[in-house]
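# An overview of the molecular structure
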Amino acid sequence: MCRYLGITRSSYYRWLKHPKSDNEIRNEQIADIIREIHRLHPDMGYRRIRDELAVNYGIPANDKRILRICRKIGIQSSIKWKPKSCTKADRNPSHIAKNFLHREFHADKPNEKWLTDVTEFKYYIGVEVHKIYLSAILDLCDRRIVSYKISAHNDNALVMDTFDQAVTAEPDAHPLFHSDRGFQYTSQAFYSRLKKHHMKQSMSRVAHCIDNGPMEGFWGILKREMYYGKRFTSKEELIQGIQDYIEYYNNRRLQRKLHIMTPWSYVKKKYKLNVTNFLCSERSLTCYFYCILLDVFKILFLIFIWRQISTMSKSHVMGLTTDIETANKTKQSKVVVDTSQPISIQPKNQTDLDVLIKLDLIDSEDMEEVSEFLDKLLAQEKYEGRRESNVKYVVE
């Protein structure tokens, strides 16, 4: 074999018996964690596995390293299923709105843009096929599900209940409300509810499902990760699976569009909102008022401290100048060195020394000695604090 591969026998045995490197040992440890993640979430690809390792396991690694490990142990995400359904527009719509969203799938703050849609799920009892319908509202800012309802019938009541639940959770919200042209959204009853809550309606164009792209994308994510590849044999099992997944999506599923955070974590970190106050938004205005009031008090306190420091600094210089001017008026202008008593007026900085020299209070015979001593004093203190000294300004 060695002759066929063109290597020496010593190289082969060295490779066979050599100890594993630290990098190989680390990769094996990461591989064990990846297997556990894949067991719990077989829909995750290597990018989401990397995000899961970084956030929930504290293991930093780049995408390429995780991809190499996944290929080595044969792990890959479940495939996407091609959708086979389409939305049919109402033949006699009561109200049609323009497409005001214009595929601008970005919002600067929560409750600025809402998307909605209805999708269907199937479950089997023996050979019989049954359906349930899910209606949901998605916030474009943080991609969270604001509200959802599940029903056995795709009717107006399903959509109305979903809207009422969202308004109850967010009573102060007045977003742009975008949907397709399904018969529920073109009804006069639904349009009246939007007007009552001061919301502007927007609708996708005919045969342009991409106009409602993020909502359609959520349906794809939900069905690929929770529904496709499984066979549900009871209505309760399917409903429980949908409810559990939406809770997982809002609170635990990491998204790179949200800087590797969950929708709720993104809201709390970016907008510094408490989850309780966010859900009970009837208190949100009070919360905002107190936050603004606290910021005003902080600014006023900083201004007060700055003015106090400025006043103290000016009073020191002015006090020293006043004492010197008083001595000058009485023609007592001689300064000598007295080694018996501590200093009575200490120069804090170069400004004090300049004032002494400018007012000519230092006798020419002692000028060199006093200046040298003051220079040493200033060099030692460096404005860090006062010390006792053997210099006194004696007025004669």
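Everything discussed here concerns the structure shown above.
In short, a report on the structure. (Residues numbered from 1 in each chain as written. Predicted model: local features only at pLDDT ≥ 70, side-chain atom pairs only at ≥ 80, totals over all residues. Heavy atoms only, no water.)

Each helix and strand counted, the chain has 14 helices and five strands in total. Classification of the 396 residues of the chain by burial places 36% in the buried group. Of the contacts made within the chain by residues no fewer than 6 positions apart, 68% connect residues no fewer than 24 positions apart. A total of about 25500 Å² of accessible surface is found on the chain, and carbon and sulfur atoms cover 54% of it. (Helix = DSSP H or I, 4+ residues; strand = E, 2+ residues; numbered from the N terminus. Buried < 20%, exposed > 50% of the residue type's maximum accessible area, 1.4 Å probe, protein only. Contact = heavy atoms within 4.5 Å. Areas by Shrake-Rupley, 256 points an atom, 1.4 Å probe, with all protein chains shown as cover.)

This part is about the environment of Thr8. Tracing the sequence through the fold places Thr8 in the loop between α1 (2–5) and α2 (9–17). The partly exposed category is assigned to Thr8, whose relative accessible area is 44%. Separated by 2.8 Å, the side chains of Thr8 and Ser11 make a polar contact. (Polar contact = N/O pair within 3.5 Å; in protein donor to acceptor, adjacent residues only side chain to side chain.)

This part is about the sheet that holds strand β3 (residues 145–151). If you trace the five strands from one edge of the open sheet to the other, you get β3-β2-β1-β4-β5, paired in mixed fashion. Pairing within the sheet leaves two strands with one partner each, and these edge strands are β3 and β5 (200–203). Shown here is a sheet whose adjacent strand axes are inclined to one another by a mean of 25°, direction ignored. Relative to β3, strand β2 (residues 128–139) runs antiparallel, the two sharing six bridges. Opposite Leu134, over in β3, you have Ile150 as the bridge partner. Sheet strands in contact with helix α8 (residues 213–227) are β1 (113–125), β2 and β3, and its direction is about 30° off that of β1. (Pairing = 2+ DSSP bridges. Axes fitted to C-alpha atoms, helices over the stretch in contact; angles between N-to-C directions.)

With that settled, the discussion passes to a nonpolar patch on the surface. A grouping of Ile292, Leu293, Val296, Phe297, Ile299, Leu300 and Ile303 is seen on the molecular surface, where their side chains present a nonpolar patch of about 660 Å² in accessible area. Along the chain, the position of Phe297 falls in helix α12 (residues 284–329). (Patch = residues over 30% accessible without salt bridge, like charges linked within 9 Å, V, L, I, M, F, W, Y side chains within 5 Å. Salt bridge = Lys/Arg side-chain N within 4 Å of Asp/Glu carboxyl O.)

Glancing now at the side chain of Thr162. Structurally, the position occupied by Thr162 is in helix α6 (residues 156–169). A polar atom in the side chain of Thr162 sits 2.8 Å from the backbone oxygen of Leu158. Those residues in contact with Thr162, other than ones at most four positions away along the chain, are Ser135, Ala136, Ile137, Ser147, Tyr148 and Lys149.

Turning to the packing of aromatic side chains, a few remarks are in order. In this structure the tally under the stated criterion is 13 aromatic pairs. Between Phe163 and Phe177, the aromatic rings sit 5.6 Å apart at their centres with planes inclined by 75°, giving edge-to-face as the arrangement. Placement of the pair is Phe163 in helix α6 and Phe177 in strand β4 (residues 176–179), with a sequence separation of 14 residues. Measuring from centroid to centroid gives 4.9 Å for Phe218 and Tyr249, while their planes differ by 70°, and the two rings are edge-to-face. (Phe/Tyr/Trp six-rings, centres within 6.5 Å; stacked < 30°, edge-to-face > 60°.)

Attention now goes to the nonpolar core. A general trend in soluble globular proteins is that nonpolar side chains are found buried together. In this structure, Ile34, Phe121 and Phe218 are the most contacted members of the largest nonpolar core, which totals 40 residues. It is helix α9 (residues 235–251) that contributes the most residues to this core, seven residues altogether. (Core = buried A, V, L, I, M, F, W, Y, C linked by side-chain atoms within 4.5 Å.)

Let us look at unusual backbone geometry. With glycine set apart, most residues show a phi of negative sign, and most peptide bonds adopt trans. A positive phi angle, near 55°, is found at His102, a position not held by glycine. Its location among the elements puts His102 in the loop between α5 (63–73) and β1. For Ile260, which is not glycine, the phi dihedral falls at a positive 55°.

Before going further, it helps to spend a moment on the environment of His174. Here His174 is to be found in the loop between α6 and β4. On the basis of relative accessibility, which here comes to 45%, the residue His174 falls in the partly exposed class. Separated by 25 residues in the primary sequence, His174 and Met199 place their C-alpha atoms 5.1 Å from one another. Within the structure, the side chain of His174 is placed 2.9 Å from the backbone oxygen of His197, a separation counted as a polar contact.

Take the packing of α8 against α9 next. For the pair α8 and α9, interaxial distance at closest approach is 11 Å and the crossing angle is 120°. By the angle between their directions, the pair α8 and α9 is classed as oblique. In terms of crossing hand, the pair formed by α8 and α9 is right-handed. Residues Phe218, Ile221, Leu222, Glu225, Met226 and Tyr227 of α8 form the contact with α9, whose participating residues are Leu238, Gly241, Ile242, Tyr245, Ile246, Tyr248 and Tyr249. A per-class count over the contact of α8 with α9 returns 11 nonpolar, one polar and one charged. (Parallel < 35°, antiparallel > 145°, perpendicular 65-115°, else oblique. Left-handed = near helix turned anticlockwise from the far one by under 90°. Nonpolar A, V, L, I, M, F, W, Y, C, P; charged D, E, K, R; others polar.)

Below, the discussion takes up the pairing of β2. In the sheet, β1 pairs with β2 via 12 bridges, with the strands oriented antiparallel. The residue of β2 that forms the bridge with Tyr123 is His130. What sits between the antiparallel neighbours β1 and β2 is a turn of two residues, in which Gly126 has the positive phi angle 65°. Here β2 folds back onto β3 in antiparallel fashion, the turn holding five residues, of which Arg143 has a positive phi close to 60°.

Let us look at the pattern of salt bridges. Per the counting criterion, the structure on display carries 18 salt bridges. For the salt bridge of Asp51 with Arg50, the shortest nitrogen-to-oxygen distance reads 2.9 Å. Salt bridges here are not isolated pairs; linked through shared partners, they connect Asp43, Arg48, Glu225 and Arg253.

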